[in-house]
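Each chain is listed here by its residues.
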Amino acid sequence: MHITVFFDYLYPFAWRASRWLDVVVAQLPDVTIDWRYFSLEQVNVPADSDWRLWDQAADYAGYNGRNKYRALNAFWATEAVRRQDAGAFQQFRRTVYDARHQANLDIHDRQALAEIAQSTGIDMAQYTRDVTDRSLLAGLQRDHEYAKATYDCFGVPTVCFANGYAVYIKLSEVVSDADAGPLFDDVCHNATHRPWLA
């Protein structure tokens, strides 16, 4: 089974879902996930504003001074790592999530992100070039706009199934390994048999 998950590092519900889904993939090898970007910063900007996250400079001020919730550099760094290696991307995603939600990492801090990127074993000279290449931000724009247009996405994590059904999942705690598979089965069953469930 292939699913798409829209994510942003800012939200603890998305971190918990990321941990849960990583366990699911480890337990159920037939499950694959396409991790795609969705910006909570952008979705909370008024619709009539022309402010776009992907147009901002690396040292940008958050919309309306919301500097505590800036994620552009994390998206940018993630795409730079993903460009080099899919396995490194998965490691980077997990490490940034854990650092943000267990050690309160400022994911706007480009040096901290570079240190995590280096730990994945990628070519750091290439990474350094890529995190200044604005063309990488096209992926953020593409994914965010697709999520809005196709799934009316409003938050993360949004889990999307092949039948077009998408569900926003809020986990109040990290799911145990024992519960990971059964919860996934329940969510999949509802997605395939009860698409009217909102």
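Sequence positions are assigned chain by chain, starting from 1 and proceeding in written order. At least 70 in pLDDT is required for a residue's local features to be given in this predicted model, at least 80 for side-chain atom pairs to be given and counted, and no such filter applies to totals for whole chains, interfaces and linings, which use all residues. Excluded from the side-chain calculations are hydrogens and water; all other atoms, namely the structure's heavy atoms, are used.

A. Quick look at the overall build of the protein. What counts as a helix is a DSSP run of H or I of at least four residues, what counts as a strand is a run of E of at least two, and both are numbered from the N terminus. Counting secondary structure elements, the protein contains 8 helices and 4 strands. Counting from the amino terminus, the protein carries its helices and strands in the arrangement β-α-β-α-α-α-α-α-α-β-β-α. Here the radius of gyration uses the C-alpha set of atoms, whereas the globule reference equals 2.2 Å times the residue count to the power 0.38. The C-alpha radius of gyration of the protein comes to 17 Å, within 12% of the 16 Å expected for a compact globule of 198 residues. Along the three orthogonal principal directions, the C-alpha set of the protein runs to about 45 × 40 × 25 Å. By residue count, 49% of the 198 residues in the protein fall in the buried class. Only heavy atoms enter the contact rule, under which two residues are in contact if any of them lie within 4.5 Å. In the protein, of all internal contacts separated by at least 6 residues, the share reaching a separation of at least 24 is 72%. Surface exposure of the protein reaches about 9,700 Å², of which carbon and sulfur atoms provide 49%. Positive and negative charge centroids in the protein, built from 19 and 26 side chains respectively, lie 3 Å apart. Throughout this description, buried means an accessible area under 20% of the type-specific maximum (1.4 Å probe, protein chains only), exposed means over 50%, and partly exposed covers the range between. The Shrake-Rupley method, run with a 1.4 Å probe sphere, supplies the accessible areas, and residue values consider only the shown protein chains as cover. Asp and Glu count as negative and Lys and Arg as positive, but His and the ends of the chain are not part of the count. Note on charges: their place is set at NZ of Lys, CZ of Arg, CG of Asp or CD of Glu.

B. Region of interest: the packing of helix α3 (residues 72-84) against helix α4 (residues 86-102). Angular values range over 0 to 180 degrees, each being the angle between N-to-C directions of two axes fitted as lines to C-alpha atoms, with helices fitted over their stretch in contact. Interaxial distance between α3 and α4 falls to 7 Å at its minimum, and their mutual angle equals 155 degrees. On the basis of their axis angle, the class for α3 and α4 is roughly antiparallel. Along its contact with α3, which presents Ala 74, Ala 77, Thr 78, Val 81 and Arg 82, the element α4 presents Ala 88, Phe 89 and Phe 92. Of the residues that constitute the contact of α3 with α4, the class distribution is 6 nonpolar, 1 polar and 1 charged. Here is the rule for angles: anything less than 35 degrees is roughly parallel, anything more than 145 is roughly antiparallel, 65 through 115 is roughly perpendicular, and the remaining ranges are oblique. Throughout this entry, Asp, Glu, Lys and Arg are counted as charged residues, while Ala, Val, Leu, Ile, Met, Phe, Trp, Tyr, Cys and Pro are counted as nonpolar. The remaining residues, Gly among them, count as polar.

C. Structural context of the nonpolar core. Ranked by internal contacts, the top residues of the largest apolar core, which has 69 residues, are Trp 20, Phe 92, Tyr 127 and Phe 161. Not counting chain neighbours up to four residues away, the residues in contact with Phe 161 comprise Met 1, Ile 3, Val 167, Val 187, Cys 188 and Ala 191. We call a set of buried residues a nonpolar core when its members are Ala, Val, Leu, Ile, Met, Phe, Trp, Tyr or Cys and they connect through side-chain atoms within 4.5 Å of each other.

D. Spatial organisation of the packing of aromatic side chains. Note on ring pairs: Phe, Tyr and Trp rings are taken, using the six-membered ring of Trp, and paired if centres are within 6.5 Å. Classes follow the plane angle, with under 30 degrees stacked, over 60 edge-to-face and the rest tilted. Overall, the coordinates contain 13 aromatic pairs when judged by the stated rule. Among the aromatic residues, ring-to-ring pairing joins Phe 7, Tyr 9, Trp 35, Tyr 37, Phe 75 and Tyr 97 into one connected group. The rule is short: NZ of Lys or CZ of Arg within 6 Å of the ring centre and within 35 degrees of the ring normal puts a charge over the ring. Lying over the aromatic face of Phe 89, Arg 82 brings its terminal NZ or CZ to 4.0 Å of the ring centre. Seen from the ring of Trp 35, Arg 93 lies directly overhead, with NZ or CZ sitting 3.9 Å from the centre.

E. Quick look at the environment of Val 23. Inspection of the secondary structure puts Val 23 in helix α1 (residues 12-27). Relative accessible area serves as the criterion here: at 18%, Val 23 is assigned to the buried category. Sequence separation of Val 23 and Gly 181 is 158 residues, and the distance between their C-alpha atoms is 8.1 Å. Excluding residues within four positions of it along the chain, Val 23 makes contact with Asp 177 and Ala 180.

F. Structural view of the pairing of strand β2 (residues 32-37). DSSP-based pairing: two strands are paired if at least 2 bridges between them are found. With 6 bridges connecting them, strand β1 (residues 2-7) and β2 associate as parallel partners. By the bridge assignment, Phe 7 is partnered in β2 with Tyr 37. A right-handed crossover is one whose linking path, passing over the helix from the first strand to the second, runs clockwise when the strands point away from the viewer. Of the crossover connections in this fold, the one passing from β1 over α1 to the parallel β2 is right-handed.

G. Summary view of α1. Expected helix span is computed as 1.5 Å times (number of residues minus one). Its 16 residues give α1 an end-to-end C-alpha distance of 23 Å, which sits within 8% of 22 Å, the value for a rise of 1.5 Å per residue. Inspection of α1 places Phe 13, Ala 14, Trp 15, Arg 16, Ala 17, Ser 18, Trp 20, Leu 21, Asp 22, Val 23 and Val 24 among the buried residues, and these make up the whole buried set. Against the buried residues of α1 lie β1, β2, α4, β4 (166-168) and α8 (177-193).

H. The sheet that holds β2, seen in detail. With mixed pairing, the 4 strands of this open sheet are ordered in space as β2-β1-β3-β4. Because the sheet does not close on itself, it has two edges, and the strands there are β2 and β4. If you compare each strand with its neighbour and ignore which way they point, the axes differ by 20 degrees on average. Pairing between strand β3 (residues 158-160) and β4: 3 bridges, direction antiparallel. Directly across from Thr 158, in β4, lies its bridge partner Tyr 168. In the packing of α1 onto the sheet, the strands contacted are β1, β2 and β4, and the crossing angle to β2 comes to about 155 degrees.

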